[in-house]
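Report on the structure
Here is what each chain is made of, one letter per residue.
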Amino acid sequence: SAGSMLLYAVDPSTGNMVWEQVYPGDNELLAITYDNNGNLLATGVSAGIFPGDSSQARVYPFVAKLDGANGNLIWGQTFPTQMSNAKTLIAMDTIRADASGNAFVGGGITTQGELCTGQCNIPQLIDVQSAVVAKLDAATGNIDWFKNYNTVTEDGVTGTAVDSKGNFYAVGFTNGTWTTGFSQPTDDFFALKLDTNGNAIWAQQFGAGTWSNGGAP
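Read on for a plain summary of the structure. (Residues numbered from 1 in each chain as written. Predicted model: local features only at pLDDT ≥ 70, side-chain atom pairs only at ≥ 80, totals over all residues. Heavy atoms only, no water.)

Overview of the side chain of Lys 65
The condition is simple: Starting at the N terminus, helices and strands are each numbered in turn, a helix being any DSSP run of H or I of at least four residues and a strand any DSSP run of E of at least two. Burial classes: relative accessible area under 20% of the type maximum marks a residue as buried, over 50% as exposed, and values in between as partly exposed (1.4 Å probe, protein chains only). All tallies of charge rest on Lys and Arg as positive and Asp and Glu as negative; His and the ends of each chain are not included. Salt bridge, as applied in this entry: a Lys or Arg side-chain nitrogen positioned within 4 Å of an Asp or Glu carboxyl oxygen. Polar contacts, as counted here, are pairs of nitrogen or oxygen atoms within 3.5 Å of one another; within protein the pair requires one atom able to donate a hydrogen and one able to accept it, and residues that are adjacent in sequence qualify only if both atoms are side-chain atoms.
Topologically, Lys 65 is positioned in strand β5 (residues 60–66). Among buried charged residues, Lys 65 stands out as having no salt bridge; its nearest opposite-charge side chain is Asp 35, 4.1 Å away. A polar contact is formed between the side chain of Lys 65 and the backbone oxygen of Ala 138, at a distance of 2.9 Å.

Structure below.
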């Protein structure tokens, strides 16, 4: 189970600790990155009280922005509205920043009932894992857009990237057939490109045997 989330910054030349931050409760860190200003962007899963948010009855992913110089929290964001029908969270477990410092995250959730804000085959899903991606505003942490991609089986995002124009790339796994550009529904991996507004530019699916998966450096 998740426990306190610990963050440490060390001087790369000496190894001495520069700062530490401890977030007590059920907050688990899954991925971190830095923006161009040296601020830390972190994502993970929270089952308790996350800084800047009220106590949650469910388990939600979070994204947090911290000052790179001292570790102080700039903003924190969870996704209770977007994931109001989520039965079991899989989590946001990959994060990237664009040139303006906006945060892009990806992961997966297991849904119970309708959760269909992106590309969907069917309007109602019961206990099916869906791939999810989102963009958050650099200054406020507000959710600019949230997309859910699902087939009738299992999907998840495992890697993300952002290019110099703000286009967002996601790779992951699928055990179904997506509605656009996907033709081999047998444990495949996929690649997806979205523009900075969350509009899909293209999607590709690749078959390479059982439990194929995609990743990003």
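Thoughts on the sheet that holds strand β13 (residues 188–194)
Rules: One requirement defines pairing of two strands: DSSP has to find at least two bridges between them. Here an axis means a line fitted to C-alpha atoms, over the contact stretch when the element is a helix, while the angle between two N-to-C directions is reported on a 0 to 180 degree scale.
Spatial strand order, β11-β12-β13-β14: 4 strands in an open sheet with antiparallel pairing. What marks the edges here is a single partner per strand, and that holds for β11 (155–162) and β14 (200–206). This sheet shows a mean twist of 20 degrees between the axes of neighbouring strands, independent of strand direction.

Here we look at the packing of aromatic side chains
Keep this limit in mind: Put simply, two rings from Phe, Tyr or Trp (the six-membered ring, in Trp's case) pair if the centres are within 6.5 Å, and we call them stacked under 30 degrees between planes, edge-to-face over 60, tilted for the rest.
Scanning all chains against the criterion turns up 4 aromatic pairs. Taking the centre distance of 5.1 Å and the plane angle of 20 degrees together, the rings of Phe 104 and Phe 168 count as stacked. A residue pair is termed long-range when its members are at least 10 positions apart, and Phe 104 in strand β8 (residues 103–113) and Phe 168 in strand β12 (residues 168–174) qualify at 64 residues. The burial state of Phe 104 is the same as that of Phe 168; both residues are buried. What links up through ring pairs into an aromatic cluster is the set Phe 104, Trp 145 and Phe 168.

Some remarks on the pairing of strand β6 (residues 73–78)
Relative to β6, β5 runs antiparallel, the two sharing 5 bridges. Directly across from Leu 66, in β6, lies its bridge partner Leu 73. Turn length for the β5-β6 hairpin, with the two strands adjacent in sequence and antiparallel, is 6 residues, and the turn residue Gly 71 shows positive phi of about 80 degrees.

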